[in-house]
Structures are given as structure tokens and as C-alpha cells.
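Summary of the model geometry
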Amino acid sequence: MKNWVKLGLCGLMVVALGGCGGGGKSDIDPQEVYGCSTLNVYNWGEYVGENVLSNFERQYNVKINYSMFASNEEMYTKLLGGSQYDVLVPSDYMIERMIDENMLQPLDKSMIPNLANLADGVKGLSYDPDNTYSAPYFWGMVGIVYNKNNVDPADVESQGFDVLRNEKYKGHVFVYDSERDSFMMAFKALGYSMNTENEDEIQAAYEWLLDMDKKVDPSYVTDEVIDGMVTGEKDIAVVYSGDAAYILSENEDMAYWLPEEGTNLWSDAMVIPANAKCPKLANEFINYILSDDASYDNSSTVGYASSNKNVLEEMSAVGGEYDGNPAYLPRVGYPKDEVFKHNEVLKKKLADLWIKVKNS
Amino acid sequence: MKKLKSLFSRFYLLLVLAFFYLPILYVIVFSFNDSKSLSKFTGFSLQWYEKMFANRTIMESIYYTVVIAVIATVVSTIVGTIAAIGLSKSRRIVKELTLQINNLPMMNPEIVTAIGLMLLFTSLNIKTGFMTLLLAHIAFCIPYVMLSIMPKLRQMDPNLPEAALDLGATPWQALTKVIVPEIMPGIVSGALIAFTMSFDDFVISFFTTGPGINNISIYVYSMYKRINPSINALSTIIVVMITVVLILVNVVPLMKERKLKKNEKLG
């Protein structure tokens, strides 16, 4: 039964792809070299290049069990439920939390020479400054996308996140429905650290958001924002740089701005859980992802900034896929940009306040 | 006045139908979209179908969805039928109690069942994966099968199997030649419900599956960051398949009946 179905699927792929398996398999015996022949990878949905997985399988003669999650918290719950994976791709603050809780094992750097390809911007990030536990996968910023025809660029550039409190644009603003990203804008607009625990600063940010809610009456959305901006439904939105790059490539009227007050620098990185069954192959996989070819395929398919410096250069160089797209390349070395830190208490507090903002 | 009333009722019906079918129509139209946009139709193309067949994670999730749904339907229908027949012969108090317990998983929010199953598997140290997913699906399908078979058993004349036994049938023959044909409509509808429940289940599957085993629902959910229009293509194919099956289910018995009548006339 199983073979029959697989054969059928393969047949369909032959029609679609013009090849089944394609090319010669390598003659590595993975059992001998790595002690196992399947690799369990847990990554974000729609976060991998079209041929990345199958190329790795062919090259190393192994099978990848690929699963996807939609949020860091969801992935964390799955791990607590006893699921075993070999490679995960959580975000910065979740990696910090997992390191604190001893859930990760150090990378075997002797197996990952491609760490030398890392772009400068993803080196030395506070959650894991020496890449002891993690190897960056994608990274980016949070920036403002706006419609050049309806919004005065001078307003955005001079006001930064405060443009979201500009009554001129009432009813034309998308705000991302997440306490983390919303409070980040407020903290940054007020000149505080986005990881502040100071009660007065939190109160001030809360009032900033209340004021924003009153003045521009934003639509609170999640990922509809991408399609909403592509079709030009509203004029201003705060989005992740990778999504901004996509919006800009689809709609010429849109422009992108990174506020001078600083913003969120984020990174999703590959880690190996402490209970991984196949850590050797996992290290090999991480090295493969950091290679130029795999990184290029990933970044070209997904549109997020690659952690590989050669790919970043190639993509944004003249004639590259993101040539002239200001949102693709993250801002590097700007001291006011910060990485989100894990803080359970603060998160809960902000979540409660955020609900109040939306209901006001 | 009467005319107005009928006009209104027609309009109302139209509204209901539009509410049902517009979303499906929308998905079908956008599966042929030329661009990645989910709200702007830019031109006709088959690229999302092509990409769907080339995408191994989608194909794998279809494979697991179908295999799990088929096995879960077969097993839960057999188990549910046997359980229902057995219950119909047991003492009243046992029967009532079991039926109440049987109803519990259906009334219970799915998330409770899901977390419960996950904790059970973890505490027993069973690795989640294909087997746990299948067991969970069988478990939540059985109550529906039993629920749809019980009324048929109640309607059946209890003297029928006894008469069969009196006339020399073995118990096995009485079961397969008398009881099962009598309750067949219940079994079929139970199996259909089980299949649909298993096919589109997300909550329970999400918590009981393991590395690398995803069904269509889990796959679609994980795409929340960026919807891949291939999913429109996939939905369209499923809609077409279901329409064909529905037409067959409704037309074949009609044709059989007509044939039967013709034969009768001839005879």
C-alpha cells in the first residue's frame, strides 16, 4: 500500500518536475559515518528553499523528516511534550530561554566550517555571542512600509514610529497585533530600551499606544498585513523586513524606512536540542544550510535576509534578485537596534496592557 | 403579497447558498492566479498546481492524511460496529452507562482530548509519530461510528437474528447475513463521518503527531506566516474529488433503482 502510493506520488512528480530522485545517489553509508540515517528537522512553515532538503538527502544519502511550526511557543510546547528533533530553528529570545533551561547542546564547530560565511550583522548577537549553541538561519529588522503616493516621506523619516500617532493618517494604518512588536515601537519611539523593566517606562509606552489607538484608529492584523500592503489597502504598516522586501517587490508604490530611534533586530537560528538522536548529522546539516548554494536557495525562495555574507552580497548586488530593494538588507552596527530578550514576567505584563490598548 | 413572500424566500435561499459556496468559489478562482497575491487576480496560470505537485512537504502531508483517514475509518468502523452490536445485547444499565461514556469524547472540547492523549503517550514513554497519530484518530472516530449505528440496531426487529438461528444459520451467518445488512446504512454513514472527521482534524493530530508526520491541516496551519497559494490548488482538487464522490453516491443508487424497475417491468 505504502509503496504503491509513494510510487504514485513519484509518478506525479516525474510529470511535474521531469525527474524522480534525479541524478546519482552518493554512496556514503550514513549509518557508518553519522550513526543514523534520518534527520528530524523542525522549522517555521514556508521557510525553506525548493531544493534544499532533497539536495541534502541526495548528497548524504539520508532521509529528512521535516515538520513545521507557526510560533516559537508552539515549538517549545511540542518539545516539552517529548517530541525529539535533531535541528530546530527558533528565534533569538527562545534560544536564550532554551540555553537557560539546558535544552540545547553545543554545536560541534569542527564540523561547521561554513560558520566562517556568517554575515557580520548576525555575529555576536547577545543571546549567543560566540555561536556556541546556534547558527543563524535568517535575520532581519522591523521597519515601516508606507505608500509613497499617500504618505509624505518626510513625515515618516522625521517622525519614525511616531508617524503612527499622526492624525493625518487616521484610518490608513495597519498595526501588528502582538504585544511584543507593538511595545517595541512604543519603547523605541520614546527612546527607551525595548527590553526595559522600568515601571514608569512601561506606563509611558502604554500611554503612547493608547494615544496611537485614539489618533489613527489602526486595524489590528497579523499576517494579512502582507497582502493588505501588496494590494495597497492601507498606507502605513510596521512589518518584518523580509515581508517588507516582498511587499516592495510586488507593489512599486510602497517604500521602506528604518526608524532612526532604532528598532528590533531579530534572528532565527539553527540549534541542536540536548536530546537529539542524531547530533552528528545535525551538525552536518547546519553546515550544509550555511553553504552558499543552500543559503541562496533559501533566501531566494523565502525572501528573508540570508545569514551567509556571500549570498547577502549577491542578492543585493547590481543585477541580484533584491537589487534596489532597501528592505532586503538589514541595518548593521546601529547601536540603537536591539535584540529581543526573553523575560516571562515582562511578556505577561505587556500582554495584559496590550489587550487594554486594543479594547480602549 | 404572496409573490413578494416567494421572492423574499428565494432571495434568502440565494443568500444562504452564496454564503456556503462563495468561499469555495474564491479558493478555486485564486488557485489559477498568476501571482502570489491572495486578494488580487492578475491572470490565469497553472503554476500553483505545478508547485503543489513539486512540493514534497505538501505531497507527504496528503499521503499521511489519506493513509491515516483510510486506516482509521476501516478500524473504527469495524470496532464501532462490533461494540454497538455487543452493547445492544447487554443489560440495560451497562448499555446506558456505556453510551453515556461513549458520548463524552464527542461533547468534550477537542483540545482536552488532544492534550490528554499527548500526556498519556508521553507518560507511557511512547514516541509520538505515525502510530500515535493513527491510534488517536481511531480513538476519536469510534464514538461517532457507534452513535450512528445504535439507532439502526434499535429499529431492527430483534426476532430477525433469532429466526435466522432457528432456521439453521450459524451465529456467524446470522451476524453477517442478517444483522449487518439490516444496519448497513448506519455503518456507511458512520464510516463517512469517521472519514471526514479524520481527514480534516487539526487539534488532536497536532498534539499526537511526531517528527516528520504532518497531515494537511497541520501543514496549512504552519504556513500562517506566509500563505502559499499552492494550498488553493490543493483545496480545489479536494473539492473536485468530494463533488465527484457525492455525485456517484447519489446517482449510482438511482440508476440501480431504475434498472431494477426496468427488470421488473420486463419480468
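Numbering of residues starts from 1 in each chain and follows the order in which that chain's sequence is written. Starting at A for chains and at 1 for ligands, labels are handed out in the order in which the entities are written. Local features are withheld for residues below a pLDDT of 70 in this predicted model, meaning they are given only at 70 or higher, and side-chain atom pairs are given and counted only at 80 or more; totals for whole chains, interfaces and linings count all residues.

It is worth spelling out the overall build of chain A at this point. Along chain A, the regular secondary structure elements total 14 helices and eleven strands. When burial is assessed residue by residue, chain A has 45% of its 360 residues classed as buried. Only DSSP runs of H or I reaching four residues or more are called helices, and only runs of E reaching two or more are called strands; each is numbered from the N terminus. Counting other C-beta atoms within 10 Å of each residue's C-beta, where C-beta atoms are placed from the backbone, gives the exposure class: buried for 20 or more, exposed for 12 or fewer, partly exposed between.

All names here are of chain A. We note that the domain assignment places domain 1 (32–139 + 266–316) and domain 2 (141–265 + 332–359) within chain A. Domain delimitation follows an automatic or database domain assignment. Between the C-alpha centres of domain 1 and domain 2 there is a distance of 28 Å. Two residues qualify as a contact pair if the distance between their C-beta atoms, derived from the backbone, is within 7 Å. Facing 15 residues of domain 1, the contacting portion of domain 2 comprises eleven residues. With four residues, helix α5 (residues 92–100) is the largest single contributor of residues to the side of domain 1 that touches domain 2. Of the residues assigned to the side of domain 1 that touches domain 2, the class counts are eight nonpolar, three polar and four charged. Under the convention adopted here, Pro, Cys and the residues Ala, Val, Leu, Ile, Met, Phe, Trp and Tyr are nonpolar, Asp, Glu, Lys and Arg are charged, and Gly plus all remaining residues are polar.

Another point: the pairing of strand β5 (residues 134–147) of chain A. Residues and elements named next belong to chain A. Where burial is concerned, most of β5 is hidden: 13 out of the 14 residues are buried. By this definition, two strands are paired if DSSP reports at least two bridges between them. Of the pairings in the sheet, the one linking β5 to strand β10 (residues 265–273) comprises seven bridges and is antiparallel in character. Looking at β10, one finds that Ala 135 is bridged to Met 270. Bridge count for β5 against strand β11 (residues 305–306) is two bridges, and the pairing is antiparallel. Paired with Phe 138 across the strands is Ser 306, a residue of β11. Across five bridges, the pairing between β5 and strand β8 (residues 236–240) is antiparallel. Among the inter-strand pairings, Ile 144 is bridged to a residue of β8, identified as Val 238. Where β5 lies against strand β9 (residues 254–257), four bridges are found, and the strand directions are antiparallel.

All names here are of chain A. Most of helix α7 (residues 179–189) is tucked away: ten of the eleven residues are buried. Turning to α7, its buried residues number three or more, namely Glu 179, Asp 181, Ser 182, Phe 183, Met 184, Met 185, Ala 186, Phe 187, Lys 188 and Ala 189. Taken together, the buried residues of α7 touch β5, β6 (173–176), α8 (199–216), β8 and α14 (344–359). Looking one or two places after α7, you find Gly 191, whose phi comes out positive at around 85 degrees.

Further remarks concern the domain arrangement of chain B. Residues and elements named next belong to chain B. Taken domain by domain, chain B consists of domain 1 (58–228) and domain 2 (229–267). Centre-to-centre, using C-alpha coordinates, domain 1 lies 25 Å away from domain 2. Contact residues are listed per partner, giving five residues for domain 1 and four residues for domain 2.

All names here are of chain A. Backbone geometry at Asn 102 places phi at a positive 55 degrees, although glycine is not the residue there. Mapped onto the elements, Asn 102 comes out in the loop between α5 and β4 (104–105). For Asn 102, a count of 8 C-beta atoms within 10 Å gives the class exposed. For Asn 131, which is not glycine, the phi torsion reads 55 degrees and is therefore positive.

In this model, chain B carries a mean pLDDT of 90, and residues with pLDDT of at least 70 account for 98%. Across the predicted assembly, pTM comes out at 0.83 and ipTM at 0.75. The predictor attaches a confidence to each residue, called pLDDT, with possible values from 0 through 100.

This part takes up the interface of chain A and chain B. The interface of chain A with chain B comprises 29 residues on the first partner and 28 residues on the second. When residues of the side of chain A that touches chain B are traced back to their parent elements, those giving at least two are α1 (2–17), β1 (38–44), α3 (52–60), β2 (63–69) and α9 (224–230) of chain A. When residues of the side of chain A that touches chain B are assigned to their parent elements, the largest contribution, six residues, is made by α1 of chain A. The residue inventory of the side of chain A that touches chain B, partitioned by class, reads 16 nonpolar, ten polar and three charged.

This part is about the nonpolar core. Val 87, Val 145, Ile 247 and Ile 286 of chain A are the most contacted members of the largest nonpolar core, which totals 151 residues. Ranked by residues supplied to this core, first place goes to helix α6 (residues 130–155) of chain B with twelve residues. Leave out the neighbours within four places in its chain, and Ile 247 of chain A touches Val 145, Ile 226, Met 229, Val 230, Val 239 and Met 254 of chain A. What makes a nonpolar core is a set of buried Ala, Val, Leu, Ile, Met, Phe, Trp, Tyr and Cys residues, with links drawn between C-beta atoms within 7 Å.

Residues and elements named next belong to chain A. For β10, the buried fraction is high: nine of the nine residues fall into the buried class. Across the two faces of β10 the burial is the same, with Leu 265, Ser 267, Ala 269, Val 271 and Pro 273 and Trp 266, Asp 268, Met 270 and Ile 272 all buried. The pairing of β4 with β10 spans two bridges and is antiparallel. By the bridge assignment for β10, Gln 105 is matched with Ile 272.

Moving on to the environment of Val 27 of chain B. Residue and element names in this part refer to chain B. Along the chain, Val 27 falls in helix α1 (residues 2–31). Measuring from C-alpha to C-alpha, the distance between Val 27 and Ala 233 comes to 8.0 Å, with 206 residues separating the pair along the chain. Non-local contacts of Val 27, meaning those with residues more than four positions away in its chain, are made with Asn 232, Ser 235 and Thr 236.

Turning next to the packing of α7 of chain A against α14 of chain A. Residue and element names in this part refer to chain A. The convention used is that axes are lines fitted to C-alpha atoms, helices contributing only their stretch in contact, and that angles between N-to-C directions extend from 0 to 180 degrees. Two elements in contact, α7 and α14, have axes whose closest approach is 9 Å; the angle formed by their N-to-C orientations is 85 degrees. Comparing the axis directions of α7 and α14 gives the class roughly perpendicular. Where α7 approaches α14, its residues Glu 179, Ser 182 and Phe 183 are matched on the opposing element by Leu 350, Ala 351 and Trp 354. For the contact of α7 with α14, the per-class residue count stands at four nonpolar, one polar and one charged. Angle categories are assigned with fixed cut-offs, so that under 35 degrees is roughly parallel, over 145 is roughly antiparallel, 65 to 115 is roughly perpendicular, and the rest are oblique.

What follows is about helix α4 (residues 92–107) of chain B. One less than the number of residues in a helix, times 1.5 Å, gives the span that helix is expected to have. Relative to the 22 Å expected for 16 residues at 1.5 Å per residue, α4 of chain B spans 22 Å between its end C-alpha atoms, a close match to the ideal helical length. Of all 16 residues in α4 of chain B, zero are buried; the element is thus mostly exposed.

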